[in-house]
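Structural overview for review
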Amino acid sequence: KVVALDEMADREATKLSGGQQQRLALARALVMEPPLLLLDEPLSNLDAKLRERMRWELKDLQRRTGITFVYVTHDQSEAMALSDRVAVMHQGELMQFGPPREVYLRPASKTVADFMGLVNLVPARVARVAGDRSLLAIGGNGTLSIPLPPGATEGDTVHLAIRPESLHLGAPAAPGEGVALVGRVADVTFLGNLTDCHVILDDGTRLRIQVDPRRVLEVGQPVQVQFDPDAASVFTL
């Protein structure tokens, strides 16, 4: 029942589909109640709805049995939904290890930021280094005060990493708080629970922004992009 195969209990394993065989293999491992269980992309062949159901079933099962799961996946949302700790590996090297919220919101490197979900990497220049918070210049849109990575010096080119959900759209003249970047809507895609919007800034930088699905946007519409500098991370090139 846990792996949704109870109606096929009498069917031979070789007569199951690939996704069903994958769930069967998972059930055979779980029924042994091992102290440690390695799962290598166990949900990869399942359809989206079953995959989401199995994700929560696995999480509940882990809590009930106390078995330690080492779970390998390329699906970032799956990793964050299931884990107490996330280890991001790249070319055989451990890039970052910690709680999923910390890894997502405070990535240790540009590689981690780019891998853990959608992110905008905006080129910027260090205008002035001043203690804990220094000034960063983005295109022709002024400066913002933000913590810089160790070793960054005045004049360096860096990348400002910020998630699409941390960006907000306003009218071009809206004062707003934080930093405001001016641009035009380049593309709008309605996805049901959100609207995925692409904005091209005046300096040519392209940003991906997620907005409320009830908001109506037109391609070519002038907008102002606003965000809290504390929601962004800075990485040297």
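Note that the coordinates shown come from a computational prediction; the quantities given were computed from them, not determined experimentally.

Attention shifts here to the pairing of strand E7 (residues 143-147). Residues Leu144 and Ile146 point to one face of E7 and are all buried, whereas Thr143, Ser145 and Pro147, pointing to the other face, are not buried. Strand direction decides the pairing type here: strand E6 (residues 133-137) and E7, joined by 5 bridges, are antiparallel. Across the sheet, Ala137 pairs through a bridge with Thr143, a residue of E7.

Interhelical geometry of helix H1 (residues 18-30) versus helix H2 (residues 48-65) gives an angle of 5 degrees and a closest axis separation of 13 Å. One way to sum up the angle between H1 and H2 is to call them roughly parallel. Together, Arg23, Leu26 and Leu30 of H1 and Leu50, Met54, Leu58 and Leu61 of H2 make up the contact between the two elements. Across the contact of H1 with H2, the residue classes tally to 6 nonpolar, no polar and 1 charged.

Turning our eyes to something else, we now look at the confidence of the model for the protein chain. Low-pLDDT portions of the prediction should not be read for the details of their coordinates. Summary statistics for the protein chain give a mean pLDDT of 87 and a share of 95% for residues scoring 70 or more. Element-level pLDDT for the protein chain is lowest in E6, with a mean of 81, against a maximum mean of 96 in strand E4 (residues 93-98).

With that settled, the discussion passes to the nonpolar core. Counting residues in each nonpolar core, the largest one holds 28 residues, and the members touching the most others are Leu136, Leu160, Leu169, Val199 and Val225. At the level of elements, strand E5 (120-128), E7, strand E8 (157-162), strand E10 (179-190), strand E11 (195-201), strand E12 (206-211) and strand E13 (222-227) are the ones that each hand at least two residues to this core. Leave out the neighbours within four places in its chain, and Val199 touches Leu169, Gly183, Arg184, Val185, Ala186, Thr205, Arg206, Leu207, Ile209, Val223 and Val225.

Time to look at empty space enclosed by the protein. If you walk through the whole model with that rule in mind, you get 1 cavity of 30 Å³ or more. If you add up the space inside the largest cavity, you get close to 40 Å³. Along the walls of the largest cavity sit Lys59, Gln62, Arg63, Leu82 and Asp84, which together make up its complete lining. Taken together, the residues of the lining of the largest cavity break down into 1 nonpolar, 1 polar and 3 charged.

For strand E3 (residues 86-90) and E4, the ladder comprises 5 bridges, and the chain directions are antiparallel. Each bridged residue has a counterpart across the sheet, and for Met89 the counterpart in E4 is Leu94. Here E3 hands over to E4 after 2 residues, with Gln91 in that stretch at a positive phi of 50 degrees.

Looking now at the layout of surface pockets. When its volume is computed, the largest pocket comes out at roughly 780 Å³. Lining the largest pocket are 28 residues, with Tyr71, Val72, Arg85, Val86 and Ala87 sitting closest to its centre. Those elements that provide at least two residues to the lining of the largest pocket are H2, strand E2 (68-72), helix H3 (76-82), E3 and helix H5 (110-115). Counted by class, the lining of the largest pocket contains 15 nonpolar, 8 polar and 5 charged residues. Empty space within the second largest pocket amounts to approximately 170 Å³. Lining the second largest pocket, in full, are Arg106, Pro107, Ile146, Pro147, Leu148, Pro149, Pro229, Asp230, Ala232, Ser233, Val234 and Phe235.

This part takes up H2. When the terminal C-alpha atoms of H2 are compared, their 26 Å separation across 18 residues agrees well with the 26 Å that a helix rising 1.5 Å per residue should span. Taken as a whole, H2 has its buried residues at Leu50, Arg51, Met54, Arg55, Leu58, Lys59 and Leu61. On its buried side, H2 packs onto H1, strand E1 (36-40), E2 and H3. Looking at where H2 begins, the residue whose side-chain oxygen comes 3.2 Å from the main-chain nitrogen of Lys49 is Asp47. Backbone geometry just after H2 places Gly66 at a positive phi near 80 degrees.

What counts and how
- Residues numbered from 1 in each chain as written.
- Predicted model: local features only at pLDDT ≥ 70, side-chain atom pairs only at ≥ 80, totals over all residues.
- Heavy atoms only, no water.
- Buried < 20%, exposed > 50% of the residue type's maximum accessible area, 1.4 Å probe, protein only.
- Helix = DSSP H or I, 4+ residues; strand = E, 2+ residues; numbered from the N terminus.
- Pairing = 2+ DSSP bridges.
- Axes fitted to C-alpha atoms, helices over the stretch in contact; angles between N-to-C directions.
- Parallel < 35°, antiparallel > 145°, perpendicular 65-115°, else oblique.
- Contact = heavy atoms within 4.5 Å.
- Nonpolar A, V, L, I, M, F, W, Y, C, P; charged D, E, K, R; others polar.
- pLDDT = per-residue confidence, 0-100.
- Core = buried A, V, L, I, M, F, W, Y, C linked by side-chain atoms within 4.5 Å.
- 1 Å grid on protein atoms, 1.4 Å probe; cavity = no way out; pocket = protein on both sides within 12 Å on 5 of 7 lines; lining within 4 Å.
- Points joined across faces, edges and corners; volume = space filled by probe spheres on them.
- Expected span 1.5 Å × (residues − 1).
- Polar contact = N/O pair within 3.5 Å; in protein donor to acceptor, adjacent residues only side chain to side chain.

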